[in-house]
Number of protein chains: 2
Amino acid sequence: MELEFIRWLGEHLPRHPRLTVGPGDDAAVLAAGRDPRSVVTVDLLTDTVDFDLARVDASRVGRKALAVNLSDLAAMAARPLAAVVALALPRTDALSLAKRLYEGLIPLAEQYDVAIAGGDTNTWDGPLVISVTAIGEVMPSGPLVRSGARPGDAIVVTGRFGGSILGHHLDFEPRVNEALWLASHSRLHAGIDSSDGLSLDTWRLAEASGCGAELDCGRIPIAEAAFEMATRDGVTPLDHALGDGEDFELILAVPQDAAVELVASQPLACGLSIVGKFVAEAGLWVLDETGSRRPFTPRGFEH
Amino acid sequence: MELEFIRWLGEHLPRHPRLTVGPGDDAAVLAAGRDPRSVVTVDLLTDTVDFDLARVDASRVGRKALAVNLSDLAAMAARPLAAVVALALPRTDALSLAKRLYEGLIPLAEQYDVAIAGGDTNTWDGPLVISVTAIGEVMPSGPLVRSGARPGDAIVVTGRFGGSILGHHLDFEPRVNEALWLASHSRLHAGIDSSDGLSLDTWRLAEASGCGAELDCGRIPIAEAAFEMATRDGVTPLDHALGDGEDFELILAVPQDAAVELVASQPLACGLSIVGKFVAEAGLWVLDETGSRRPFTPRGFEH
């Protein structure tokens, strides 16, 4: 539903000169007032779809609601500044639930120096909904958009992939510091965060850049949780890494020489890997362990 | 629940130097980057509480979701710049519902030159939730906060009050142009929008300013809808005007001489009225038609 709707929106939303980067990227860039570098993004999470309040403490939900937005800012190489929080709380124990949400959210806000600028707190007869809007600013180097990848660029990723459902999707570290470091110390052509899955989001980045992508399966860093999931469901760890959503790692287009240098020096604690390259022909391919190349249907979470 | 929670938040949210005006006013003012005049506000609306999707076309709901935010910006005397929209859509007919919401929202955005900067569109098993975050900028005269009223100031209001539930709560005009005109042509000490009721929001403005307020019942402009409601439920039109929520008019603290001048010249099509004055003693009073003064318990919608 979301992709079809985004297409409809693209046809119906008036283009506004104030938007340096409009809807469709990880966040929008706004030429507001005297500051042409405002970045804004929103994510709404609902009970049962994005978390299960019956099984998870609300403080982790509050943390996640902010973290997914910080991940979107990171994907633009933007520094977080502020956030606002809107809640629809089930009437039962609404007050204690609201407090727990904030008790998870506030420490993350402090960690990344995000000002909680306000909110809107409501009760209703439905399940919990939490919507966070985050505001940031892009670095002087400019926003890291999805559309800048060039054929030949390496696909560079942070961290490891797959099995996020086992806990990482709640407790992940948004790659804010990593993105800011990389934007100022390397040459990034494009970026996206892997919220919906490595293969799907790599494909999205390639599509936005008017090119294709080739993922080298032997080089994809697979999370321990993906191996754990494999023992449970029989899907291979690699397939979990390619298709599972909510890793919230960075997927970057980096010139080959800069990418090789990054991976050789490994400047980030989370690790950096080259997992393939962007190619001229539109589409997504995988190289398997034997070196054979085949088209691959991008998989991941569709909203 | 909301007031108790706001108190809790006040004790637990870290004060951030980036917030010129923090949570608790109609919107927050953010000293972001090179621009110290960003204003941000969020409102989340839910089916059954803020509208009844079974009885109202979704385009009016989409319009309202943006309009309530523009009303908050107006209450800060801020010019709207951009908005982001987060949706939780029931799975049935999600796409057509999303389109109708935007078909109501987009014309209002165009009317007030608001860039729709992005959004997050989700489906789930619950009812419709729509959360809009609006970003604006305050005028060089500064933000119109709640805390600036002084004893002796006139209480000046735009428009008429009461009976909003009959339709005004969906189709009201946010007082953006009025607020900007008043901020640049008169002397405003404080302001709030009447989202929860004339008496409750007047009391809030007084409380935030450390003073009290006295409403002169004979001077309150009563909406036709309040008279219509009175024929249905036997509550007086005046009580509807004092207690009904969602009028979305401006309630302003204005020095007496400037207020008299404004009301004499009537520069705005919506009308301006002096409906009382701010007083030194904390609390809320009403003067009835006979001139007798009594304490009044503020009434209105509590979230």
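What comes next concerns the included structure. (Residues numbered from 1 in each chain as written. Chains lettered and ligands numbered in written order. Predicted model: local features only at pLDDT ≥ 70, side-chain atom pairs only at ≥ 80, totals over all residues. Heavy atoms only, no water.)

### Details of the packing of aromatic side chains
By convention here, two paired aromatic rings are described through the distance between centres and the angle between planes. Rules: Two aromatic rings, drawn from Phe, Tyr or Trp (for Trp, its six-membered ring), form a pair once their centres lie within 6.5 Å of each other, and the interplanar angle then sorts them: stacked below 30 degrees, edge-to-face above 60, tilted otherwise. Secondary structure is summarised from DSSP: a helix means a run of H or I of at least four residues, a strand means a run of E of at least two, and numbering begins at the N terminus for each. Relative accessibility under 20% of the residue-type maximum defines a buried residue, over 50% an exposed one, and the middle range a partly exposed one, all with a 1.4 Å probe and only protein chains included. Geometrically, a lysine NZ or arginine CZ counts as sitting over a ring once it is within 6 Å of the ring centre and also within 35 degrees of the ring normal.
In the structure shown here, the tally under the stated rule is seven aromatic pairs over all chains. Ring plane angle 55° and centroid distance 5.4 Å describe the contact between Y102(A) and F5(B), whose orientation is recorded as tilted. One end of the pair, Y102(A), is in helix α3 (residues 94-111); the other, F5(B), is in helix α1 (residues 2-12), on a second chain. Summarising the burial analysis for this pair, Y102(A) and F5(B) share the class buried. With 4.1 Å between their ring centres and 20° between their planes, F172(B) and F248(B) make a pair best called stacked. Placement of F172(B) in the loop between α4 (168-171) and α5 (176-185) and of F248(B) in the loop between α8 (237-243) and β10 (250-254) is noted, with a sequence separation of 76 residues between them. Per residue, the accessibility class of F172(B) equals that of F248(B), and both read buried. Stacked on the ring of W285(A), the Lys or Arg R293(A) has its end atom at 4.4 Å from the ring centre.

### Quick look at the interface of chain A and chain B
Many descriptions give the size of an interface as the accessible area lost when the pieces come together. Basically, it comes down to this: Should any heavy atoms of two residues lie within 4.5 Å, those residues are counted as being in contact. Accessible surface is computed with a 1.4 Å probe, and the buried area is the amount of it that two parts give up when combined, taken over both parts together. A pair is scored as a salt bridge if a Lys or Arg side-chain nitrogen falls within 4 Å of a carboxyl oxygen belonging to Asp or Glu. Here a polar contact is taken to be a pair of N or O atoms separated by no more than 3.5 Å, where protein atoms must pair a possible hydrogen donor with a possible acceptor and residues adjacent in sequence count only if both atoms sit in side chains.
At the interface, 68 residues of chain A touch 68 residues of chain B. Interface area for chain A against chain B, summed over the two sides, is near 5,700 Å², with a carbon-plus-sulfur share of 70%. The interface formed by chain A and chain B holds two salt bridges in total. In this structure, the salt-bridge partner of R18(A) is D113(B), at a minimum N-O distance of 2.9 Å. Where chain A touches chain B, the interface holds nine residue pairs in polar contact (both at pLDDT 80 or more). Where the side of chain A that touches chain B is concerned, the elements lending two or more residues are α1 (2-12), β2 (28-32), β3 (35-46), β4 (78-90), α3, β5 (115-124) and β6 (129-138) of chain A.

### Section: the packing of α3(A) against α1(B)
Heads up, the condition is: The axes are straight lines fitted to the C-alpha atoms, using for helices just the contacting stretch, and the angles between their N-to-C directions are given from 0 to 180°. Each angle receives one of four descriptions, namely roughly parallel if under 35 degrees, roughly antiparallel if over 145, roughly perpendicular if within 65 to 115, and oblique otherwise. The crossing is said to be left-handed when, going from far helix to near helix, the turn is anticlockwise and less than a right angle, and right-handed when the turn is clockwise.
Taken N-terminus to C-terminus, the directions of α3(A) and α1(B) make an angle of 25°; their axes are 11 Å apart at the nearest point. Relative to α1(B), α3(A) is oriented roughly parallel. Between α3(A) and α1(B) the crossing geometry is right-handed. The segment α3(A) lies against α1(B), with L95(A), A98(A), K99(A), Y102(A), E103(A) and I106(A) engaging E4(B), F5(B), W8(B), L9(B) and H12(B).

### Thoughts on α1(A)
All names here are of chain A. We count it as follows: Taking the helix axis as origin, the arc is that swept by the directions to the C-beta atoms.
Listing the buried residues of α1 in full gives E2, F5, W8 and L9. Down the axis, α1 shows its buried residues gathered within 120° of arc, on one side only. Across from the buried face of α1, at angles greater than 90 degrees, the exposed residues are R7 and E11.

### Quick look at unusual backbone geometry
Residue and element names in this part refer to chain A. You will see that A77, though not glycine, has its phi angle at about 55°, which is positive. Among the secondary structure elements, A77 is positioned in the loop between α2 (58-75) and β4. Take A77: its relative accessible area is 2%, and that puts it in the buried class. One non-glycine residue, E246, lies in positive phi territory at about 60°. Within the secondary structure layout, E246 lies in the loop between α8 (237-243) and β10 (250-254).

### A few points about the pattern of salt bridges
For the coordinates displayed, the defined rule picks out 38 salt bridges over all chains. Between D57(B) and R100(B) there is a salt bridge, with the nearest N and O atoms lying 2.7 Å from each other. Separated by 43 residues along the polypeptide, D57(B) in the loop between β3 (35-46) and α2 (58-75) and R100(B) in helix α3 (residues 94-111) bring together distant segments of the chain. For D57(B), a relative accessible area of 36% translates into the label partly exposed. A salt bridge links R60(B) to D171(B); the nearest nitrogen and oxygen atoms lie 2.6 Å apart. Taken as a pair, R60(B) in helix α2 and D171(B) in helix α4 lie far apart in primary sequence, 111 residues in all. Judged by its relative accessible area of 38%, D171(B) is partly exposed. Here the residues in one salt-bridge network are D25(A), D26(A) and R146(A), joined through shared partners.

### Overview of the relation of the copies chain A and chain B
Using the following cut-off: Only residues with pLDDT of at least 70 in both copies count here: their C-alpha atoms drive the least-squares fit that superposes the copies.
Taken as rigid bodies, chain A and chain B are interconverted by a rotation of 180° and an axial shift of 0.0 Å, the fit giving an RMSD of 0.0 Å. The superposition operator between the copies reduces to a two-fold rotation axis.

### A word on the pairing of strand β11 (residues 272-279) of chain B
All names here are of chain B. Note the threshold: Note on pairing: DSSP must find at least two bridges between two strands before they are called paired.
With respect to burial, β11 is a largely interior element, seven of its eight residues being buried. As paired strands, strand β7 (residues 154-158) and β11 are joined by five bridges and run antiparallel to one another. Following the sheet pairing, I155 is matched in β11 by G276. Two strands pair when backbone bridges link them, and strand β9 (residues 212-216) and β11 are joined in this way by four bridges, in the antiparallel orientation.

### A closer look at helix α6 (residues 198-208) of chain B
With respect to burial, α6(B) is a largely interior element, eight of its eleven residues being buried. G210(B) lies just past α6(B) and shows a positive phi near 70°.

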